[in-house]
Amino acid sequence: MIQKTYDFDEPIDRLNTASVKWDEADRLFHAEGLLPMWVADMDFHAPDEVIDVLEKRAKHGIFGYTVRSEGYLSAVQGWMKARHGWSVQKDWICHSPGVVTALNLIVEGFTEPGDKVLIQPPVYPPFRKSVQNQGRELVNNPLVEHDGKYRMDFTDLEEKLSDPSVKLMILCSPHNPVGRVWSKDELLKVAELSLKYDVLVVSDEIHGDLIFEGNQHIPFARLSDEAAKHSIICTAPSKTFNIAGLQISNIIVPNPALRKRYLSQLNRFGLGEPNAFGAAAAEAAYRRGAAWLDQCLHYIKGNADYVADYLETHLPELSMVPLEGTYLGWIDCRKLGLDKFRLQDLMLQKAKIAFNQGFTFGKEGEGFVRINLACSRTLVAEAMKRLKAAVD
Ligand SMILES: Cc1ncc(COP(=O)(O)O)c(C=O)c1O
């Protein structure tokens, strides 16, 4: 079969499509003419296989309540096996409209007032919010950066997990925003410590399909039967295939007791059924989207290399940490010597670029910005040009 080739350079106008990234940037960041390099969706069309299925679904014309069919569940199962070597049973696969929804449901349902939840900043801000929203106490185990590479501080992690009030740890695997794909040894250490201190691990693996050569994503529950019994794995086709607006994710819970609890939370809020378009798109993507994804990752890697090379050549005060996974680059601007407000001002008012500001990921992120690399090379080049002019 001849492989179809996708054109990721094709410019696509997203303005006036009710896009958060494009239509809301100026309003939210209080500046005009911003280049949107922030919120994590892609400026690429989803795979044709997904678009075709959605067109067919739309033409059917009846959009009643929808279940996740056997076909849907076997598509998720097939993807996890083929892509990650992970054998998932169909009944482990639970629904959630989004991973953030699931995180909130889990924190609320699996901890009591007075319990503590551990996160590893700098990290995706809704982790912190899901803990604060439910009135639980936050415990930080900051990542440590050395020579541009982030690692976990296991001594600090053990000390924090040994507190009997810490009941839950939210792991970001791969890690947004620092771009790490955790190694097997790192994950095994997390598993060992969480089991030793009986802390439930919620592993957010929404970026788990976005992995660059030389790295391998290992689902936390694949580490061992014990790790599987003590974890909840949050997965989704949304980042992978650029269908976040279709609101569908899969929360995989191998342990029947934990699953029962998760499902009761889901049903308590009436969230048990998927969106008809989301389910159709996810099934098609998992069955037939692999070739698109491989080409997309190749293109994004090209963008990451472009930024890294550009900074090294033209803006040596700035550098991007090596990207092992995700399409989110973490740019170190600390050598500019600006505090977080002045750095933000430089990016918004002078460079006219909407990055995610590093400090929003925790105080450990101060001096950094996060760039979304899932866009055309032309846009990346424009961002670099604007950045250089502003810094100069
Ligand atoms: C680590 C992580 N989790 C969850 C989400 C959002 O998930 P959802 O849209 O399914 O709520 C994102 C989006 O950027 C993310 O980076």
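Participant: What's the story with the sheet that holds strand E11 (residues 319–320) in this structure? I'm lost.
Facilitator: In a beta sheet, neighbouring strands pair by backbone hydrogen bonds and run either parallel or antiparallel. Read from one edge to the other, the open sheet built from 4 strands follows the order E11-E12-E15-E14, with strand pairing classed as antiparallel. The sheet is open, and its two edges are formed by E11 and strand E14 (356–357), each paired on a single side.

Participant: What is the right way to read the packing of aromatic side chains from this model?
Facilitator: For the structure on display, the rule yields 16 aromatic pairs. On the basis of an interplanar angle of 15° and a centroid distance of 6.3 Å, the ring pair of Tyr-306 and Tyr-310 is categorised as stacked. Of the two residues, Tyr-306 and Tyr-310 are both situated in helix H13 (residues 290–314); the distance of 4 residues between them amounts to about one turn of the helix. A relative accessible area of 29% places Tyr-306 in the partly exposed class. Put simply, the rings of Tyr-6, Phe-8, Phe-44, Trp-79, Phe-241, Tyr-286, Trp-292 and Tyr-299 touch in pairs and so form one group of aromatic residues. Between Arg-377 and the ring centre of Tyr-299, over which it is positioned, the NZ or CZ distance is 4.6 Å.

Participant: Can you help me understand the site of the ligand in this one?
Facilitator: Surveying the vicinity of the ligand reveals the residues Ala-40, Gly-98, Val-99, Val-100, Tyr-124, Cys-172, Asn-176, Asp-204, Ile-206, His-207 and Lys-239. His-207 places a side-chain nitrogen or oxygen 2.7 Å from an oxygen atom of the ligand. The protein chains hide 87% of the 400 Å² of surface that the ligand would expose on its own.

Participant: Can you walk me through helix H5 (residues 99–110) in this structure?
Facilitator: An α-helix turns once per 3.6 residues; consequently, residues spaced three or four apart project the same way. Over its 12 residues, H5 runs 16 Å from end to end, which matches the ideal 16 Å to within 8%, given 1.5 Å per residue. Residues of H5 that are buried include every one of Val-99, Ala-102, Leu-103, Asn-104, Leu-105, Ile-106, Val-107, Gly-109 and Phe-110, and no others.

Participant: Please explain the domain arrangement of the protein as it appears in this structure.
Facilitator: Often, the extent of an interface is quoted as the loss of accessible area upon association of its parts. The domain boundaries assigned to the protein delineate domain 1 (20–47 + 290–391) and domain 2 (62–288). Spacing between the C-alpha centres of domain 1 and domain 2 amounts to 25 Å. Every contact between the two is made by 30 residues of domain 1 and, on the other side, 34 residues of domain 2. Interface area, domain 1 with domain 2, both sides summed: about 2700 Å², of which 58% is carbon and sulfur. On the domain 1 side of the interface with domain 2, the three residues burying the most area are Glu-324, Thr-326 and Phe-361, jointly 26% of the side's total. Linking domain 1 with domain 2 are 4 salt bridges. For the side of domain 1 that touches domain 2, the secondary structure elements donating two or more residues are H13, strand E12 (328–332) and strand E15 (368–372). Considering each element in turn, the side of domain 1 that touches domain 2 owes the most residues, 7 residues, to H13. Residues belonging to the side of domain 1 that touches domain 2 are distributed by class as follows: 18 nonpolar, 5 polar and 7 charged.

Participant: Help me understand empty space enclosed by the protein in this model?
Facilitator: Think of a ball as big as a water molecule: rolled over the atoms, this probe shows where empty space is left. Summed over the entire model, instances satisfying the criterion amount to 1 cavity of 30 Å³ or more. What the largest cavity holds in volume is close to 80 Å³. The wall of the largest cavity is formed by Met-80, His-84, Trp-86, Glu-205, Ile-206, Gly-208, Asp-209, His-217, Pro-219, Thr-235, Ala-236 and Tyr-286.

Participant: What is the right way to read the side chain of Thr-240 from this model?
Facilitator: Tracing the backbone through its elements, the reader meets Thr-240 in helix H10 (residues 238–241). Of the residues examined, Thr-240 reaches a relative accessible area of 0% and is grouped as buried. Within the structure, Thr-240 has its side chain in polar contact with the side chain of Asp-209 (distance 2.8 Å). With residues near it in sequence (within four places) discarded, Thr-240 still touches Met-42, Trp-79, Ile-206, Asp-209, Leu-210, Trp-292 and Leu-293.

What counts and what doesn't
- Residues numbered from 1 in each chain as written.
- Predicted model: local features only at pLDDT ≥ 70, side-chain atom pairs only at ≥ 80, totals over all residues.
- Heavy atoms only, no water.
- Pairing = 2+ DSSP bridges.
- Helix = DSSP H or I, 4+ residues; strand = E, 2+ residues; numbered from the N terminus.
- Phe/Tyr/Trp six-rings, centres within 6.5 Å; stacked < 30°, edge-to-face > 60°.
- Buried < 20%, exposed > 50% of the residue type's maximum accessible area, 1.4 Å probe, protein only.
- Lys NZ or Arg CZ within 6 Å of the ring centre and 35° of its normal.
- Near = heavy atom within 4 Å.
- Polar contact = N/O pair within 3.5 Å; in protein donor to acceptor, adjacent residues only side chain to side chain.
- Areas by Shrake-Rupley, 256 points an atom, 1.4 Å probe, with all protein chains shown as cover.
- Expected span 1.5 Å × (residues − 1).
- Domains from an automatic or database assignment.
- Contact = heavy atoms within 4.5 Å.
- Buried area = accessible area lost by both parts, 1.4 Å probe.
- Salt bridge = Lys/Arg side-chain N within 4 Å of Asp/Glu carboxyl O.
- Nonpolar A, V, L, I, M, F, W, Y, C, P; charged D, E, K, R; others polar.
- 1 Å grid on protein atoms, 1.4 Å probe; cavity = no way out; pocket = protein on both sides within 12 Å on 5 of 7 lines; lining within 4 Å.
- Points joined across faces, edges and corners; volume = space filled by probe spheres on them.

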